[in-house]
Amino acid sequence: MIKNYANKVMDYEYNAFMTLMNVSVSKHLFDEHFTVLWANDYFYQLIGYTKDEYEASFHNHVDEYFKNDPDAVALMGEIITKAYQQQEPGYEFECPMQVKSGKTTWIRVTGRFTDEIFEGIPVIYTIYTDITDLKVMQRKLSEALKMAESANRAKSNFLSQMSHDIRTPMNAIIGMTEIAAMHINDPTKTQDCLKKISLSSQHLLGLINDVLDMSKIESGNIVINLEHVSLPSILENVVAIMQPTVKERKQQFDVRLLHVEHEELFSDPLRLRQIFINILSNASKFTPEGGKITFEVEELSCQMPESSLFRFTFSDTGMGIKPEFLPYLFDAFTRERDSRVDKTEGSGLGLAITHKLTELFGGTISVKSQLGEGTTFCVELPLKIDSLGWEPISCEGLKVLVVDNDIDLCKHLAQTLAELGAKALWCWNGADAVKTVAQERLSGQSFNLVLLDWQMPGMDGVQTALAIRRQADADVPILITSAYDWVDIEAEAKSAGVNGFLQKPLFKSTLCSGIQRYLAGQPPVLQKITSPQLQGRRILLVEDNLLNREIAVELLSSLGASVETAADGAIGVAQFRQSSEGYYDLVLMDVQMPNMNGYEATRQIRTLPRQDSSTIPIIAMTADAFAEDVEATRKAGMNSHLPKPFNLDSLRKEIGRFL
C-alpha cells in the first residue's frame, strides 16, 4: 500500500530541495500508529536509519519507534487529537527523540491537517526540526539566569541581614552614649560607658568591612584572622550588645561559667562575636516576653596541643522548632513557615553564617528543640591558648559569701574563689544569705566580701543588701553581680548600701579586679601582658589627612613616642632620605595619598642606597582592610598592615611587634 502511494508522489526536485534545507518533511496517516506514508531523505538522516531499516524495524509506525518512551507517545496523541477535535489548522510541540546511535536529539514537531484522505484515513503533513543545539543553549542560559538571580538574591538577603546586624551594636553605642551623657560627672560610669561604646564600635566596624567586601558575598569566602583575644572582653561586649534587646522584651538573661581556666586565647574576635550574637539574637527574637535565655561557657580538655575545647551552650524557653524543619535549620535563606514567626524580622542567613563560621573554626554546632518549650544550641570550638596573660592576686585569708539562685553558678564561684586562696560560702536565696551573715557575725567571723546576684526570686539582690546592712558591719563591701546593666539599679542599690557592681560572667580576672577595687580600696591593676611603651622611639608618620594625623600623633605621643609627620608620600620619602641612618625607628605609611601614594613611597624608601632603608619597619595605615589590600601592601615592601580606624591598643600592639 505504502509503496504504491510513494510511487505516486515521487517529486525528486522537491525532496532534494527540502534535504538541502536540513528540513525533515513527512506525511503521516492520522491512525493509531501515526504511520509514515512518505518522508524525504533528511527525515532518515535525522533518525539515523535508512528507509528500508525504518520500515523493517518499525513498520513505518511512529508509536513503535517511540516504544521505549510511552509518555512521549501519549503526549503526542493527546496534542494531535485535541488540535484535530478543536478544528485547529495544526499543532506544534517539542520532545526528545532517541536516534539509532543511542543519543537523544531534541526535535520540534510542526504538523498541519489537510483535506487529503488515503484509504479513508486523514493525512497530516509534518516537519521535524532538530533543536538540540538550541536546547543546550537554553539550558546554559537558564542556568546562568538562575546563578545570576541566586547571586542577586544572596546579595540582597545578605545586605538585609547585615542591616539588621549593624543596628544591634549601633543601638548599644547610642544607648551607652546617652547613659554617659547622663553621668558626665561620674568618671567611673562614664569610663565604663566609653569602654562598651569602644567594644561595640569595633564589632560594628567588622560588620561594615564584611558588607563592603562584596567578593566575600559572591564567593562565600570568609577568612578567620587569628589574633590575641580576651575571652572576658569578648563576652562583656556580647552582653553589652544584648542588654538593650533582652531588657526591652523583659527577658531573664543569665551568663555562667563552668571550669574556665584560660581567659587569654588566640582567635578571631569578630567571628566569635558573630557566632554568639547570631544565636543569642535568635534566642531573644523567638522567646516570648518574660522568658529565659541562658548562655553557658565551659572549658574542656582538648587533644590539640596548647589548646582547649570550649563549649558554648545557648538555651532559651522560646517557642521551639518543628521537628521537620530541624534538618534545614542551617540552610541559607530558609525560615520556618509558621504563623508564630512570620512577623519576625530576618533573612534566614544568621544560622547559615553561624554554621559556616563554626566549621571554619574547626568546631561543631548542634541543636535540640522541643516545640513550645524551647531550643538549645551547642557550639564547640577548639581555641589556642595564649600563654601570656595576667597574674592573679592572692585572696589568702579572705572570707566571701556568694549568693545566687543558680546553684551551679554558686558552686563554681566558690570553687574559683578557693583557687584564689579565699574561703567561700554560698547561699541560693536572699533570706538564707541574711541568716548566714547574722550567724557568722555572732560567731565573730564576719565576711570580708559579699557577692549578691541582682535578680533572685523572693528577695532580690538590692533587698538582700538592705537586710544584710542591718546585720553586718557597715564597712563590709557588698557587690551586686548581674548580666544586666548597673545603671538600671545603681541609685536604688547604693541607697541600700551596695558598694559596687561586677558584670557577669565572673571570670577569675573579674573577681580579682573587684577584690582589688572594692576590698583593698585600689583601682584594678591586673598584671596584663601588654606591648612595650615607646619612650625614646622616633616615628615618621606619613598621612595626608589632617584630622587623622592629629589623632595618630596624640595616640603615639601618649605612648611616649616622638612623632614627625609628612603630608604625602613624596614628602615622606624626602624626609627619610634627608635623615641620618637609624634616625627613625619606624614608619607609619598611609596608602591613599595625593602626589605619591604609600605603595610608591615605600618602594622608593626600600631602594634608597642606605643600610636602614631595607630594615626599617614600615606599617601600612589604610581603610582598605580586605585580603587583597593587605597583600598589596606586602608586595610594596611594607611589613604589616594597620586598618583604620585604629585605636590606642591596636597601635601599641602592632608597633610593639617590631619595636
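What counts and what doesn't
Residues numbered from 1 in each chain as written. Predicted model: local features only at pLDDT ≥ 70, side-chain atom pairs only at ≥ 80, totals over all residues. Heavy atoms only, no water. Salt bridge = Lys/Arg side-chain N within 4 Å of Asp/Glu carboxyl O. Helix = DSSP H or I, 4+ residues; strand = E, 2+ residues; numbered from the N terminus. Buried < 20%, exposed > 50% of the residue type's maximum accessible area, 1.4 Å probe, protein only. Core = buried A, V, L, I, M, F, W, Y, C linked by side-chain atoms within 4.5 Å. Contact = heavy atoms within 4.5 Å. Phe/Tyr/Trp six-rings, centres within 6.5 Å; stacked < 30°, edge-to-face > 60°. Lys NZ or Arg CZ within 6 Å of the ring centre and 35° of its normal. Pairing = 2+ DSSP bridges. Axes fitted to C-alpha atoms, helices over the stretch in contact; angles between N-to-C directions. 1 Å grid on protein atoms, 1.4 Å probe; cavity = no way out; pocket = protein on both sides within 12 Å on 5 of 7 lines; lining within 4 Å. Points joined across faces, edges and corners; volume = space filled by probe spheres on them. Nonpolar A, V, L, I, M, F, W, Y, C, P; charged D, E, K, R; others polar. Lys, Arg positive; Asp, Glu negative; His and termini not counted. Polar contact = N/O pair within 3.5 Å; in protein donor to acceptor, adjacent residues only side chain to side chain.

(A) Summary view of the pattern of salt bridges. For the structure on display, the rule yields 25 salt bridges. With its nearest N and O atoms 3.1 Å apart, the salt bridge here joins E490 to K494. Placement of both E490 and K494 in helix α16 (residues 490–495) is noted, with a separation of four residues, approximately one turn of the helix. Classification of E490 by relative accessible area gives buried; the value is 8%. One salt-bridge network, held together by shared partners, links R256, E296, D406 and D408.

(B) Inspection of the nonpolar core at higher detail. With 68 residues, the main nonpolar core has F253, F276, F295, V297, F312 and F314 as its most contacted residues. For this core, the element with the highest residue contribution is helix α10 (residues 231–248), accounting for eight residues. Beyond its immediate sequence surroundings of up to four residues, F276 is in contact with I234, L235, V238, F295, F312 and F314. Counting residues in each nonpolar core, the second largest holds 27 residues, with F34, Y49, F58 and F113 among its members.

(C) The arrangement of the packing of aromatic side chains in detail. Taken as a whole and judged by the stated rule, the model has 24 aromatic pairs. Ring centres 5.8 Å apart and planes at 45° place the aromatic pair Y54 and Y65 in the tilted group. Placement of the pair is Y54 in helix α4 (residues 51–58) and Y65 in helix α5 (residues 62–65), with a sequence separation of eleven residues. The buried category is assigned to Y65, whose relative accessible area is 11%. Three or more aromatic residues joined by ring pairs form one cluster here, namely F43, Y44, Y49, Y54, F58, Y65, F66 and Y128. Cation over ring: K135 sits above W106, and NZ or CZ is 4.6 Å from the ring centre. The side chain of R610 reaches across the aromatic face of F576, ending 4.4 Å from its centre.

(D) A look at the sheet that holds strand β14 (residues 423–427). Strand order in the open sheet formed by five strands is β14-β13-β15-β16-β17, with parallel pairing between adjacent strands. Only two strands of the sheet have a single partner each, and these edge strands are β14 and β17 (500–503). Each strand of the sheet is rotated relative to its neighbour by a mean of 25°, with strand direction disregarded. Alignment of strand β16 (residues 478–482) against β17, held across four bridges, turns out to be parallel. Across the sheet, the residue bridging to L479 is G500, located in β17. With respect to the sheet, helix α13 (residues 407–419) is in contact with β13 (399–403), β14 and β15 (449–453), its orientation differing from that of β14 by roughly 170°. Contacts between helix α14 (residues 430–442) and the sheet are confined to β13 and β14, with β13 contributing the most and set at about 160° to the helix.

(E) Looking closely at empty space enclosed by the protein. All told, the structure shown has seven cavities of 30 Å³ or more when counted by the stated rule. The wall of the second largest cavity is formed by L257, H259, V260, E261, E263, H412, Q415, T416, E419, L506, F507 and K508. With four residues, the single largest contributor to the lining of the second largest cavity is α13. Partitioned by chemical class, the residues of the lining of the second largest cavity number four nonpolar, four polar and four charged.

(F) Focus on the side chain of D268. Examined against the element boundaries, D268 turns out to sit in the loop between β8 (264–267) and α11 (269–285). For the buried D268, which has no salt bridge, the nearest side chain bearing the opposite charge is R271, at an N-O separation of 4.1 Å. Engagement of the side chain of D268 in a polar contact is seen with the backbone nitrogen of L270, the distance being 3.2 Å.

(G) Focus on unusual backbone geometry. Look at the link from K504 to P505: it is a cis peptide, with omega at 5°. Along the chain, P505 falls in the loop between β17 and α17 (508–519). Positive phi is not limited to glycine here, since F34 has a value of about 55°. By secondary structure assignment, the location of F34 is in the loop between β1 (24–29) and β2 (36–39).

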